[in-house]
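# Notes for the structure review
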Amino acid sequence: MKILHTADWHLGKIVHGLHMTEDQGKVLQHLIEIIEAEKPDVIIIAGDLYDRAVPPREAVDLLNSFFTTVSVEMEIPIVAISGNHDSPDRLGFGASLFRSKQLYLATSMEDVFQPIHFNDGQHDVYFHLVPYIEPEQVKHYFQDDSIATHQEAMERIVREIEVQMTDQAQHILVGHAFVAGGMESESEERLTMIGGTPYIDASIFKSFDYIALGHLHQPQKIKSDFIRYSGSIMKYSFSEANHKKSVAILELNGTEKTVYTIPLNAPKDLRIVEGYFEELLAEKVAKATEDYLQIRLLDDGQIIDPVTKLRKLFPNILRLERKQHVVHQSLKEIQSIKEKQKMTHEQLFASFYKEIKGSELSAERAKYVQDVIQKVMVEEREK
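Residues numbered from 1 in each chain as written. Predicted model: local features only at pLDDT ≥ 70, side-chain atom pairs only at ≥ 80, totals over all residues. Heavy atoms only, no water.

## Some details on the pairing of strand E16 (residues 256-263)
Selection criterion: For two strands to count as paired, DSSP must find a minimum of two bridges between them. Only DSSP runs of H or I with at least four residues qualify as helices, and only runs of E with at least two residues qualify as strands; both kinds are numbered from the N terminus onward.
As paired elements, strand E15 (residues 246-253) and E16 share eight bridges and run antiparallel to each other. Looking at the pairing, Val-247 lines up with Ile-262 of E16. If you look at the hairpin formed by E15 and E16, you'll find two residues sitting between the two strands, and Gly-254 has a positive phi there, around 70 degrees.

Pasting the structure below:
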């Protein structure tokens, strides 16, 4: 059985004020060409199909077009889960009808324990679909007050799945989570961390033959070739400028399994270009291009209207900055940024409160803030 693994499409994404829908459509067309060439038996989409809970119409049209082409016209099964950017209710609407075309969408706790079964003529393969779910939802589902973190939530889910598993079949888990050891970029929205960190240890997944992950945008494996993030289909921030976007292909042949990647090409690259203003105008640093650029100027002196002049050669400049300013700011703020990246929502609010009010947040108010944050996060997930 051949399986294509992709994730983090973020259809409807806006990057530095620029709508990426047209480019996303071209990347999905390239993905369809890969599907035609590779002829996979199943396609996995591991969450964040949309960039926000209420996607624009153009994004919905893109997804509908892809589903129609692959599920209806090409008759290739698709298994997909909702990510932290998706609205489970909206994405899951009509899911029971879609199953007749072998389009399987998992968006709720109930879907987790309904594995999708395929047989290639010789071997049984089960897909266990685990959409992004808050620990609070898992705690409520199992009526288990000991569940407070993403780690504890996933451990409980996996234990329940393992009860159903058989040694005579192969098992693939599809999840949208932050597995410890993965490399982040600026594009990923930090998962809720009420009660602890968002990290999940890879050892949880030892019972599965392949773990198809979404959430982190850089294609990467975690401790094994078979615990893998496919990465996003496009570069969505300049922190991803050096990423090589791709899809993963898993081939199962009895007890043997192999995995490899196929590059995905976007119509315009997203790059960082650094140089002196005059050298950039003379195209000594980079040739004229329509790629999306962050330009870092090395000049010390004042430059009059650099953006207008540079855009004659580089029309898609999304960010222009001075290198010295960036270095100064990074040296001054890097420690603060690192500390804040590790903070929970509660800690971030407490830090903000102290900065504004000049005093510590009381324990009573901290408990109130925690309850409100948890309520908001659950409501957002249910929209």
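More follows now that the structure is in view.
## A word on the packing of aromatic side chains
Selection rule: Stacked, tilted and edge-to-face are the three classes applied to pairs of Phe, Tyr and Trp rings, where Trp contributes its six-membered ring and a pair requires centres within 6.5 Å; stacked means planes under 30 degrees apart, edge-to-face means over 60, and tilted covers the rest.
Applying the stated criterion across every chain yields a total of eight aromatic pairs. On the basis of an interplanar angle of 25 degrees and a centroid distance of 5.7 Å, the ring pair of Phe-113 and Tyr-141 is categorised as stacked. Of the two residues, Phe-113 sits in the loop between helix H5 (109-112) and strand E7 (116-119) while Tyr-141 sits in helix H6 (residues 135-142), which places them 28 residues apart along the sequence. A centroid spacing of 4.6 Å and a plane angle of 70 degrees characterise the contact between Phe-178 and Tyr-199, whose relative ring orientation is edge-to-face.

## Quick word on the sheet that holds strand E5 (residues 78-81)
Keep this limit in mind: Lines fitted to the C-alpha atoms define the axes, with helices restricted to the stretch that makes contact. Angles between their N-to-C directions range from 0 to 180 degrees.
Taken together, the six strands give an open sheet; going across it, the order is E6-E5-E4-E1-E15-E16, and neighbouring strands pair in mixed fashion. The strands lining the two open edges of the sheet, one partner per strand, are strand E6 (103-106) and E16. For this sheet the average axis-to-axis angle between neighbouring strands, irrespective of direction, equals 20 degrees. As paired strands, E5 and E6 are joined by four bridges and run parallel to one another.

## A closer look at the nonpolar core
Which entries qualify depends on this criterion: Put simply, buried Ala, Val, Leu, Ile, Met, Phe, Trp, Tyr and Cys residues joined by side-chain atoms within 4.5 Å make one nonpolar core. Each residue is placed in one exposure class: buried if its accessible area under a 1.4 Å probe, protein chains only, is under 20% of its type's maximum, exposed if it is over 50%, and partly exposed if it falls in between. Should any heavy atoms of two residues lie within 4.5 Å, those residues are considered in contact.
With 38 residues, the main nonpolar core has Trp-9, Leu-31, Ile-45, Phe-66, Phe-67 and Ile-78 as its most contacted residues. Those elements giving two or more residues to this core turn out to be helix H1 (21-38), strand E4 (42-46), helix H2 (57-73), E5, E6 and E15. Apart from residues lying up to four places away in sequence, Trp-9 is in contact with Gln-24, Leu-28, Leu-31, Ile-45, Gly-47, Asp-48, Leu-49, Leu-63, Phe-66, Ile-233 and Tyr-236. Ranked by size, the runner-up nonpolar core spans 31 residues in total, among them Met-109, Val-112, Ala-202 and Tyr-229.

## Here's the deal with helix H7 (residues 150-164)
To be explicit about the condition: Helix span is expected to be 1.5 Å times the residue number reduced by one.
Given a rise of 1.5 Å per residue, 15 residues ought to cover 21 Å, and the 22 Å separating the end C-alpha atoms of H7 matches this to within 8%. Of the residues making up H7, those classed as buried are His-150, Ala-153, Met-154, Arg-156, Ile-157, Val-158 and Ile-161. Structurally, H7 contributes buried residues whose contacts are with H5, strand E8 (124-130), H6, strand E9 (170-176) and strand E11 (199-200).

## Quick look at the pattern of salt bridges
Worth spelling out the cut-off: What counts as a salt bridge is simple: a side-chain nitrogen of Lys or Arg found within 4 Å of a carboxyl oxygen of Asp or Glu.
Summed over all chains, the structure comprises 17 salt bridges. Of the charged contacts in the structure, one is a salt bridge between Asp-51 and Lys-13, with a shortest N-O distance of 3.6 Å. Of the two residues, Asp-51 sits in the loop between E4 and H2 while Lys-13 sits in the loop between strand E1 (2-6) and strand E2 (14-15), which places them 38 residues apart along the sequence. For Asp-51, a relative accessible area of 13% corresponds to the buried category. Salt-bridge contacts for Asp-23 lead to Lys-268; the nearest nitrogen and oxygen are separated by 3.9 Å. Residue Asp-23 is found in helix H1, and its partner Lys-268 is found in the loop between E16 and strand E17 (270-275); the two are separated by 245 residues along the sequence. Salt bridges here are not isolated pairs; linked through shared partners, they connect Lys-2, Glu-38 and Glu-251.

## Some words on the sheet that holds E7
With mixed pairing, six strands are arranged side by side in an open sheet as E7-E8-E9-E12-E14-E13. Here the strands that pair on one side only, and so sit at the sheet edges, are E7 and strand E13 (220-221). In this structure, strand E12 (residues 210-214) lies alongside strand E14 (residues 227-229), joined through three bridges in parallel fashion. The partner of Ile-211 across the bridge, within E14, is Ile-227. Packed on one face of the sheet, H7 meets E8 and E9 and runs near 150 degrees to E8.

## Let's talk about unusual backbone geometry
Even without a glycine there, the phi angle at His-16 is positive, about 50 degrees. Structurally, His-16 can be placed in the loop between E2 and strand E3 (18-19). With relative accessibility at 41%, the residue His-16 sits in the partly exposed group. Phi is positive for Lys-39, which is not a glycine, with a value near 55 degrees. Checked against the element boundaries, Lys-39 lands in the loop between H1 and E4. According to the relative accessible area criterion, Lys-39 is exposed, its value standing at 61%.

## Topic: H1
Look at H1: 25 Å from first C-alpha to last across 18 residues, which is about the 26 Å you get at 1.5 Å a residue. What H1 keeps buried is the set Thr-21, Asp-23, Gln-24, Gly-25, Val-27, Leu-28, His-30, Leu-31, Ile-32, Ile-34, Ile-35 and Glu-38. Positive phi appears at Lys-39, one or two residues downstream of H1, with a value of about 55 degrees.

What is shown is where atoms sit, not what they do.
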